[in-house]
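Examination of the molecular architecture
If you want the building blocks of each chain, they are given just below.
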Amino acid sequence: MLIGIVGKTNVGKSTFFSAATLIDVEIANRPFKTIKPNRGIAYVRTKCVCSELNVKDKVCHDGIRFLPVELLDVAGLVPGAHLGRGLGNKFLDDLRQADVFIHVVDASGSTDEEGRPVQAGTRDPIEDVKFLEKELDEWIVGLLSKDWEKTIRVVEQGSTDIVMSLYEKLSGLGFTKQLIEKTLVEQGLWRKRPSTWTKDEIRTFVTRLRKIGKPSVIAANKADIPPAIENIERMRKTLSIPVIPTIAEAELALRKASKKGIIKYLPGDTTFEMLSDKIPQNLKEALERLSFLLKKFQGTGVQQALETAVFHSYDGIVVYPVEDINNYSDKNGNVLPDAFILKKGSKPIDLARKIHTDLAKGYLYAIDAKTKQRLSSDYELRNGDVIKIVATA
Ligand SMILES: Nc1nc2c(ncn2[C@@H]2O[C@H](COP(=O)(O)OP(=O)(O)OP(=O)(O)O)[C@@H](O)[C@H]2O)c(=O)[nH]1
Ligand SMILES: [Mg+2]
């Protein structure tokens, strides 16, 4: 699973990335610090199925399982990026494979539209959300418009159908044929000759496709700077996607202090414990400030943003593959050795594909380890399912 971190330049994308992955990257209060994308692994938490099954596994901690997700932090955008402003938006191609976006916004309004530092409260973060969504749409429209005349010709001559044609044009973006077809129908473009589609119709179609195919969550960052709270309230009222207040900088500091053994802190916690009383005064003061922020915001929001992206926006469910349905283990007796995130609506064959392409090739059927029942091939997997895939050798 790949999460793309997108947003205007200088809003805290790399800080968020670094806090979530503990990978050191360049962070600075100036636009366009990141140019080359950063890739790393973060973890989302889920309640492990072990307690429900009354078994003990060696993977989860106190009944909580940490599942890896990949994060991609890319260069920032500014309005007009699709026309080449700032660094342009060509690097968005790195994000084609992303399943979901975390859209980092400077909720405090302390960076102007070009990402330059300004007095807090100057810039309206809602404008940042709007322009970024527009840039994402322009990017997709650009992919769609390439050789548009030719597309029109082949479709109208009947050599290929419109769904297949659009699917191929947008290949790599991860939109399914079903989604493309459903969106065409919904927008009244199905059976309408592509040569008669207006620019507005194409744009509305793309916006809809993006909203469903590349869902996103807003990380309302720099929530610690005062005007952020009012801005977040407004964003929640205006926007139709989840808005999670985040303080990426605090999360990064806490995770680093925890790594150094200064404090005991787990991502997502709302408090931490100092592990020594010989902490220098200045560090103690900094930690006290962090403690205050954690209490005030009920956490730094970074973990919550990741989990909202995976389990809410992307609609992820967690499924546990096993080989031995009686002991819920693999063939070596390891109990619940793996857990995979799949999109809601996935079938047993999708799980097989996640485990190994060969397993999908030789797929015969699946068994629900909890009920010991054989599952039909169109069974929709549910969160917490424990599944054995039976395949040819
Ligand atoms: N107050 C505050 N500052 C933050 C927070 N998160 C990041 N910053 C600061 O914001 C500035 C920009 O952070 P970056 O992570 O480099 O931002 P970016 O979006 O990756 O920027 P580019 O790569 O240049 O587009 C840095 O000075 C960070 O320390 C936060 O939660 N609160
Ligand atoms: Mg950056």
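Since the model is a prediction, treat every value here as computed from it, not as a measurement.

Quick look at the domain arrangement of the protein
In many analyses, interface size is given as the accessible surface area lost on bringing the parts together. In terms of domains, the protein is made up of domain 1 (2-109 + 214-311) and domain 2 (317-391). For domain 1 versus domain 2, the separation of C-alpha centres amounts to 31 Å. The interface of domain 1 with domain 2 comprises 18 residues on the first partner and 12 residues on the second. With both chains or domains summed, domain 1 and domain 2 bury close to 1,100 Å², and 71% of this area falls on carbon and sulfur atoms. Its largest share of buried area at the contact with domain 2, domain 1 owes to Val 49, Leu 53 and Arg 65, together 39% of the area lost on that side. At the boundary of domain 1 and domain 2, one finds one salt bridge. Looking at the side of domain 1 that touches domain 2, the elements with two or more residues in it are β2 (38-47), α2 (50-53), β3 (64-73) and α11 (302-313).

Points about the site of ligand 1
Near ligand 1 you find 23 residues, and of these Thr 9, Lys 13, Thr 15, Lys 33 and Glu 249 are the closest. Within the contact set of ligand 1, an oxygen atom lies 3.1 Å away from a backbone nitrogen or oxygen of Phe 32. In the environment of ligand 1, an oxygen atom lies 2.6 Å from a nitrogen or oxygen atom belonging to the backbone of Lys 33. Out of a free accessible area of 660 Å², ligand 1 has 92% covered by protein chains. Within the residue set of the shell around ligand 1, elements represented by two or more residues are α1 (13-21) and α9 (248-259). Sorting elements by how many residues they give to the shell around ligand 1 places α1 first, with three residues.

Re helix α10 (residues 281-297)
Between its terminal C-alpha atoms α10 stretches 24 Å, which fits the 24 Å expected from 17 residues at 1.5 Å a residue. Considered for burial, the residues of α10 that qualify are Leu 287, Leu 290, Leu 293, Leu 294 and Phe 297. Each buried residue of α10 sits inside an arc of 115° when the element is viewed along its axis, so together they form one side. Exposed side of α10, more than 90 degrees from the buried face: Gln 281, Phe 292 and Lys 295 are the residues found there. Buried residues along α10 sit against α8 (228-238), α9, β7 (263-264) and β8 (273-274). Once α10 finishes, Gln 298 follows within two positions and takes phi at roughly 55°, a positive value.

Criteria and thresholds
Along each chain, numbering runs from 1 in the same order as the chain's sequence is written. By the order in which they are written, chains take letters starting at A while ligands take numbers starting at 1. pLDDT decides what is reported in this predicted model: residues at 70 or higher carry local features, side-chain atom pairs at 80 or more are listed and counted, and totals for whole chains, interfaces and linings draw on all residues regardless. Note that the side-chain values use all heavy atoms of the structure and ignore hydrogens as well as water. Each domain's extent is set by a domain assignment, obtained either automatically or from a database. By the convention used here, residues are in contact when the closest approach between their heavy atoms is within 4.5 Å. A 1.4 Å probe defines the accessible area here, and the buried area is the portion of it lost by two parts on being joined, summed over both. By definition, a salt bridge exists where a carboxyl oxygen of Asp or Glu is found within 4 Å of a side-chain nitrogen of Lys or Arg. Numbering of helices and strands starts at the N terminus; helices are DSSP runs of H or I of at least 4 residues and strands are runs of E of at least 2. In this text, near means that some heavy atom of the residue lies within 4 Å of the molecule or strand in question. Counting of polar contacts relies on pairs of N or O atoms within 3.5 Å, with two restrictions inside protein: one atom must be capable of donating a hydrogen and the other of accepting it, and residues adjacent in sequence are counted only when both atoms are side-chain atoms. In this description, accessible areas are obtained by the Shrake-Rupley approach with a 1.4 Å probe, and a residue is regarded as covered only by the protein chains that are shown. Expected span of a helix: the number of residues minus one, times 1.5 Å. When accessible area is computed with a 1.4 Å probe and restricted to protein chains, residues below 20% of their type maximum are described as buried, those above 50% as exposed, and intermediate ones as partly exposed. Note: the arc covers the axis-to-C-beta directions of the helix.

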